[in-house]
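Secondary and tertiary structure notes
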Amino acid sequence: VDVFQAWCGPCKPVVNLFQKIKNEVGSDLLHFAVAEVDSIDALEKYRGQCEPVFLFYSGGELVAVVRGADAPLLQKTILKQL
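As annotated in an unreviewed UniProt entry, the protein is TXND6 protein from Pheucticus melanocephalus.

Okay, here's the thing in structure tokens:
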């Protein structure tokens, strides 16, 4: 989940990375979503930050967090979680 604030928007360059990985891996387990922190109370702790935050969930549980648009780290985290 790409967690963002309305004033800075979601991290658009990362969408291409996620699409590339999904095409390469071909896994139905990989889903990408965006969530605005100002409209979701459960994400309140991520408000007030200007860097992108990516939350990784498996089975409904938060399993990893990556702060910043670090493409190599995001790819490594995705592949590890898959």
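**Let's talk about the pairing of strand β4 (residues 61-67)**
Across six bridges, strand β3 (residues 53-58) lies against β4 in antiparallel orientation. For V53, the partnering residue across the bridge sits in β4 and is R67.

**A short note on a nonpolar patch on the surface**
A cluster of nonpolar residues, V25, L29, L79 and L82, forms a patch on the protein surface that exposes about 360 Å² of accessible area. Among the secondary structure elements, V25 is positioned in helix α1 (residues 12-25).

**Comments concerning the packing of α1 against helix α2 (residues 71-81)**
The geometry of α1 relative to α2 is characterised by a closest axis approach of 11 Å and an angle of 35° between their N-to-C directions. You can see that α1 and α2 cross each other, and the crossing is right-handed. Facing α1, whose interface residues are V14, L17, F18, I21, E24 and V25, α2 presents A71, L74, Q75, I78 and L79.

Calculation rules
Residues numbered from 1 in each chain as written. Predicted model: local features only at pLDDT ≥ 70, side-chain atom pairs only at ≥ 80, totals over all residues. Heavy atoms only, no water. Pairing = 2+ DSSP bridges. Helix = DSSP H or I, 4+ residues; strand = E, 2+ residues; numbered from the N terminus. Patch = residues over 30% accessible without salt bridge, like charges linked within 9 Å, V, L, I, M, F, W, Y side chains within 5 Å. Areas by Shrake-Rupley, 256 points an atom, 1.4 Å probe, with all protein chains shown as cover. Salt bridge = Lys/Arg side-chain N within 4 Å of Asp/Glu carboxyl O. Axes fitted to C-alpha atoms, helices over the stretch in contact; angles between N-to-C directions. Left-handed = near helix turned anticlockwise from the far one by under 90°. Contact = heavy atoms within 4.5 Å.

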